[in-house]
Amino acid sequence: MSKIELIAPTLFGIESVTANEIRSLGYDDVKVEDGKVTFSGDIAAICKSNLWLRTAERIYIKVGEFTATTFDQLFEGVKSLPWEEWIPENGQFPVDGYSLKSKLFSVPDCQSIVKKAVVERLKKKYKREWFEENGPVYKIKFSLMKDKAILMIDTSGEGLHKRGYRAVSNVAPLRETLASAMIMLSYWRYDRPLIDPFCGSGTIPIEAALIGANMAPGLYRQFSSERWRQIPKKLWTDVRNEAFDLIKKDVKLNISGYDADEDAVKLSIDNAKKAGVSDYVRFSKRSLKDLKTDDKYGIIICNPPYGERMGELKEVEKLYREMGKVFSKLDTWSYYIITSHENFEKLFGRDASKRRKLYNGMIKTTYYQYFGPRPPKK
């Protein structure tokens, strides 16, 4: 099994960020599409991409693709794929998927047919009529898009945004993968100050600390493919040990998270401890009006309230006006703000240097980027 085709699904708008991450891991055969990045690698690529990718949602093995406009075509297409290369005799293989703009639109029917077709294929290989399915999990994922079927196996288990440090969260948390993408799309580097004045459960400062310390985001969690026979346990051990060795333990980071809610601050402190970055980031209670610093050429990255709920809009618009006044006093700083409010720039009092459409869950947002002056060369 020399080359494996892998698919890294992403939130819409950050595909290029994920592609750059994949290239930085040493994989050059990268193809960017809406909501996903496809690449090729050896068996170690499964371990490295799960452990290291900060902005991908999962890692799938692509088993095959074909056109399917009838249930017969779907059945025969799935049956023709080499499932036995991955799924052992006792493997669990639940099926999940979706259909968009395709003649086969009933997802439950497609699920049933995919399952039956895989069973038929495995019957031929293992010479048995019934499978106990009590071993490792090889979750099958199908996508039907404009009558093209893509069949995949999930190597991750829980989504990659679940780093393992945020067991409890406050209301409407920012997904870790999106927070990382926002940081990577900014001009922040480990030697520059960073502040999140609406830190919530601490996601942006914690993800920045993980990046600044070069700590793999998947270091303290497990993946479903760790139980697979195809991947030697020693390979997982070696990849993890390498990741531990690459942590910049002596790096000095100036990262702060503030929130007016004391419970949010306590939650952020606890999450930073769980993430192993409490030495790199500071959290404290502070309202927006009290935001000030003597640091120069820093970066603000934040996810303020959007005003999505009834009765909140006027308060949020007042907050955006205050943000414009407070941030403008930090005249050497750059600001990066995500919100779904379409009149944000008018309320903030300044047009953004650059805008980027991103999705925060199902909410369509804009990432407003305000570029400050470059710091003097050292």
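Only a predicted model underlies this, so the values are computations on that prediction, with no experimental measurement involved.

Conventions and cut-offs
- Residues numbered from 1 in each chain as written.
- Predicted model: local features only at pLDDT ≥ 70, side-chain atom pairs only at ≥ 80, totals over all residues.
- Heavy atoms only, no water.
- Salt bridge = Lys/Arg side-chain N within 4 Å of Asp/Glu carboxyl O.
- Helix = DSSP H or I, 4+ residues; strand = E, 2+ residues; numbered from the N terminus.
- Buried < 20%, exposed > 50% of the residue type's maximum accessible area, 1.4 Å probe, protein only.
- Patch = residues over 30% accessible without salt bridge, like charges linked within 9 Å, V, L, I, M, F, W, Y side chains within 5 Å.
- Areas by Shrake-Rupley, 256 points an atom, 1.4 Å probe, with all protein chains shown as cover.
- Arc of directions from axis to C-beta.
- Contact = heavy atoms within 4.5 Å.
- Polar contact = N/O pair within 3.5 Å; in protein donor to acceptor, adjacent residues only side chain to side chain.
- Pairing = 2+ DSSP bridges.

Our next topic: the pattern of salt bridges. Taken as a whole, this structure holds 22 salt bridges when the rule is applied. Residue Arg175 is joined to Glu57 by a salt bridge in which the shortest nitrogen-to-oxygen separation is 2.5 Å. Taken together, the residues Arg175 in the loop between strand 7 (148-154) and helix 5 (176-184) and Glu57 in the loop between helix 2 (43-52) and strand 4 (60-67) connect sequence positions 118 residues apart. The class of Glu57 is buried, set by a relative accessible area of 10%. Linking Glu120 and Lys123 is a salt bridge whose minimum nitrogen-to-oxygen distance equals 3.2 Å. Here Glu120 and its partner Lys123 are both found in helix 4 (residues 107-126), three residues apart, which amounts to about one turn of the helix.

Residues Tyr98, Leu100 and Met145 make up a contiguous nonpolar surface patch of roughly 260 Å² in combined accessible area. Here Tyr98 lies in strand 5 (residues 95-100).

Even without being a glycine, Lys101 presents a positive backbone phi close to 55°. Positive phi is not limited to glycine here, since Lys146 has a value of about 55°. Relative accessible area serves as the criterion here: at 58%, Lys146 is assigned to the exposed category.

Residues of helix 3 (residues 71-79) that are buried include every one of Leu74, Gly77 and Val78, and no others. Looking down the long axis of helix 3, one finds its buried residues gathered within 95° of arc, a one-sided arrangement. The inward-facing, buried residues of helix 3 abut strand 4, helix 4 and strand 7.

With respect to the element layout, Thr366 can be found in strand 14 (residues 363-370). Take Thr366: its relative accessible area is 8%, and that puts it in the buried class. Once you skip the residues sitting within four places of it in the chain, Thr366 turns out to touch Ile337, Ile338, Thr339, Arg355, Arg356 and Lys357. At 3.0 Å, the side chain of Thr366 and the side chain of Lys357 are in polar contact.

A few words now on the pairing of strand 4. As a general feature of sheets, a regular strand has side chains that alternate between the two faces. With respect to burial, strand 4 is a largely interior element, six of its eight residues being buried. Bridging between strand 1 (residues 4-9) and strand 4 involves two bridges; their strand directions are antiparallel. Bridged to Leu6 within strand 4 is Ile61. Sheet analysis places strand 4 next to strand 7, joined by seven bridges and oriented antiparallel. Bridge pairing links Gly64 to Leu151 in strand 7.

In short, the description is geometric, and any link to function would need to be established separately.
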